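Here are the chains, one letter per residue:
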Amino acid sequence: MTAHTSAKRWRPTVPSLPVLRTEVLSGLVVALALIPEAISFSIIAGVDPRVGLFASFTMAVSIAFLGGRPAMISAATGAMALVVAPLAREHGVDYLLAATILAGVFQVVLGLLGVAKLMRFVPPSVMTGFVNALAILIFMAQVPHFWGEGWGVYALVAGGLAVIFLLPRLTRAVPAPLVAIVVLTVITVASGLKVPTVGDMGELPGSFPVPFLPDVPVNMETLRIIAPYALTLALVGLMESLMTAKLVDDITDTRSGKGREARGQGWANIITGFFGGMAGCAMIGQTMINVKSGARTRLSTFLAGVFLLLLVVVLGDIVAIIPMAALVAVMVFVSIATLDWHSISPRTLRRMPWSETAVMVITVVVVVATHNLAIGVIVGVLASTVIFARGVARLSAVTSVLDPEGGVRVYSVRGDLFFASSNELVGEFDYHEEGVGKVVIDLSRAHMWDSSAVAALDHATDKFEKNGVDVEVVGLNVPSEELHKELSGTLSGGH
């Protein structure tokens, strides 16, 4: 029975034909969408288009096996290209490749240290801002490809969007974005319409990538040059990848291995660096294309990388004639589908607490202004933390009653005492009340969180005693009492 159970457990799962068709076609659509993006990011980084294209191939294929989020697409990205552009410009492409490898090492280490667990501290309002900012950035990235290009391009984009939105009402057998790309390409070629094409973006590679070692000196000087860029790449890449993984989790109602994803991103970047590619991470736009097309497994991610390489190396002449308008239509559709329309509806805005709306708006504004998702998320989390601390601090209150027999004033403190609220505690007591010889401070409905709370209580106690008033502190819960015993009397230097 044990042998039978073991054999059954390890039997590979064979996808059904409908699932296989969806995964294959989704991978093909993603591959087509990756090509102009990878070329654009190469231009941003100041390197040959092959560097971005090879990165997209190796990242997608590697993460399909190593990552923790099925159906998520990783490739060369704009955020990573912006980070390495100064390095490539000042020191050359080999230093860029070395930085990519070191960034991967950093990511593996951070993944082993459990950096993925920090995702629990990203509030929903920041996540919503991240998604909405992403939708705006995806749309903004398409504007240069059609704005000012004439009515022919406008008509093609509109036609592509019509196909993408209307075809699913007739059939879902084939991904609508793929049909739009094929239809617009045929129309363009048949009519002889002169519009920007994928080939105009840059020269496509004519050979497959081979592994090699970056030509850089192996010494401390090289490490000094590449380490700051590598660490930035590692942090930005993990931030975008883990946020994207969380988004896909929500869309597909499934869970992913965030720790495995963090380590997988690292190993994928290490492999990419040795194959001549720039650093990459999860791509929200292409991931959304994949997920919205129905893909749910690692097969679509793997095939996206394989198809990309085959398309640019084997079928480069055909890919080159695809009008950019077709890919623009696909990405505009992705931006529309990505935006959380519910979050910006008047009804939602009226009912949502102003603090959460403010955090969402702050996140969106920072991301769009900096074109850096990682910076926007960090600022959003900080803003949320400050607003939360301010709100919790306001929950603290002090009430008091005088003993009917006189001479004893009882102060009842309610709420959380920490750095944002404890400083105000000192001002809540009357240190010069006539006829009061003893004060009881009741903390049974309060909790002391940090040293500032202990310091504030000590300060209040000292002020009472200097005025000849006896003080008794009662009602401390166990954690607060332990903190008070450990720190009380040792923080006077802070007053």
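Residues numbered from 1 in each chain as written. Predicted model: local features only at pLDDT ≥ 70, side-chain atom pairs only at ≥ 80, totals over all residues. Heavy atoms only, no water.

1. What about the overall build of the protein?
Turning to step 1, where the next piece is worked out: In terms of helices and strands, the protein carries 20 helices and 6 strands.
Turning to step 2, where the next piece is worked out: What you see for the protein is a C-alpha radius of gyration of 29 Å, clearly larger than the 23 Å of a compact globule of 495 residues, by over 25%.
Turning to step 3, where the next piece is worked out: Structurally, the protein occupies a C-alpha span of about 100 × 65 × 60 Å along its principal axes.
Turning to step 4, where the next piece is worked out: For the protein, restricting intrachain contacts to residue pairs at least 6 apart in sequence, the fraction spanning at least 24 positions comes to 84%.
Turning to step 5, where the next piece is worked out: Summed over all atoms, the accessible surface of the protein reaches about 23700 Å², with 64% contributed by carbon and sulfur. (Helix = DSSP H or I, 4+ residues; strand = E, 2+ residues; numbered from the N terminus. Rg over C-alpha atoms; globule rule 2.2 N^0.38 Å. Contact = heavy atoms within 4.5 Å. Areas by Shrake-Rupley, 256 points an atom, 1.4 Å probe, with all protein chains shown as cover.)

2. Looking at the layout of surface pockets
The gaps of empty space that remain are located by a probe, the size of a water molecule, rolled over the atoms.
Turning to step 1, where the next piece is worked out: Each pocket or cavity is described by its volume, and for the largest pocket that value is around 630 Å³.
Turning to step 2, where the next piece is worked out: Forming the boundary of the largest pocket are 28 residues, of which Glu37, Phe41, Gly78, Leu137 and Ala141 lie nearest the centre.
Turning to step 3, where the next piece is worked out: With 9 residues, helix H6 (residues 124–146) is the single largest residue contributor to the lining of the largest pocket.
Turning to step 4, where the next piece is worked out: The residue makeup of the lining of the largest pocket, split by class, is 16 nonpolar, 10 polar and 2 charged. (1 Å grid on protein atoms, 1.4 Å probe; cavity = no way out; pocket = protein on both sides within 12 Å on 5 of 7 lines; lining within 4 Å. Points joined across faces, edges and corners; volume = space filled by probe spheres on them. Nonpolar A, V, L, I, M, F, W, Y, C, P; charged D, E, K, R; others polar.)

3. Quick notes on unusual backbone geometry
Turning to step 1, where the next piece is worked out: Even without glycine at this site, Ala71 takes up a positive phi of about 75 degrees.
Turning to step 2, where the next piece is worked out: The residue Ala71 is located in the loop between helix H3 (49–66) and strand E1 (74–76) in this model.

4. Quick look at the packing of aromatic side chains
Turning to step 1, where the next piece is worked out: All chains considered together, the criterion is met by 10 aromatic pairs.
Turning to step 2, where the next piece is worked out: On the basis of an interplanar angle of 90 degrees and a centroid distance of 4.8 Å, the ring pair of Tyr411 and Phe429 is categorised as edge-to-face. Note that Tyr411 is positioned in strand E4 (residues 408–417) and Phe429 in the loop between helix H18 (422–425) and strand E5 (438–448), a separation of 18 residues in sequence.
Turning to step 3, where the next piece is worked out: Overall, the relative accessible area of 5% leaves Tyr411 in the buried class. (Phe/Tyr/Trp six-rings, centres within 6.5 Å; stacked < 30°, edge-to-face > 60°. Buried < 20%, exposed > 50% of the residue type's maximum accessible area, 1.4 Å probe, protein only.)

5. Re the side chain of Thr100
Turning to step 1, where the next piece is worked out: With respect to the element layout, Thr100 can be found in helix H5 (residues 93–112).
Turning to step 2, where the next piece is worked out: Not counting chain neighbours up to four residues away, the residues in contact with Thr100 comprise Asn269, Gly273, Gly277, Met278 and Ala279.

6. Some points on the pattern of salt bridges
Turning to step 1, where the next piece is worked out: Considering all chains together, one arrives at 7 salt bridges under this definition.
Turning to step 2, where the next piece is worked out: One salt bridge connects Arg69 with Asp249, and the closest N-O pair in it is separated by 2.6 Å. One end of the pair, Arg69, is in the loop between H3 and E1; the other, Asp249, is in helix H9 (residues 220–252), with 180 residues separating them in the sequence. There is no split in this pair, since Arg69 and Asp249 are both buried.
Turning to step 3, where the next piece is worked out: Its salt-bridge partner being Arg409, residue Glu433 comes within 2.4 Å of it at the nearest N-O pair. Within this pair, whereas Glu433 is found in the loop between H18 and E5, its partner Arg409 is found in strand E4, the two being separated by 24 residues in sequence.
Turning to step 4, where the next piece is worked out: Residue Arg409 is classed as buried on the basis of its relative accessible area of 14%. (Salt bridge = Lys/Arg side-chain N within 4 Å of Asp/Glu carboxyl O.)

7. Details of helix H11 (residues 284–292)
Turning to step 1, where the next piece is worked out: Extensive coverage of H11 is indicated by the burial of 8 of its 9 residues.
Turning to step 2, where the next piece is worked out: Turning to H11, its buried residues number three or more, namely Ile284, Gly285, Gln286, Thr287, Met288, Ile289, Asn290 and Val291.
Turning to step 3, where the next piece is worked out: Backbone geometry just downstream of H11 places Gly294 in the positive-phi region, at approximately 105 degrees.

8. Observations regarding helix H20 (residues 478–487)
Turning to step 1, where the next piece is worked out: Looking at H20, one finds that the buried residues are Ser480, Leu483, His484 and Leu487. Summarising the axial view, the buried residues of H20 lie within an arc of 100 degrees, below the 170-degree limit, and thus occupy one face. Residues of H20 that are exposed and point more than 90 degrees away from the buried face comprise Val478, Glu482, Lys485 and Glu486.
Turning to step 2, where the next piece is worked out: Looking at the buried side of H20, the elements it contacts are E5 and helix H19 (451–466).
Turning to step 3, where the next piece is worked out: Directly beyond the C-terminal end of H20, a positive phi value near 90 degrees is found at Gly489. (Arc of directions from axis to C-beta.)

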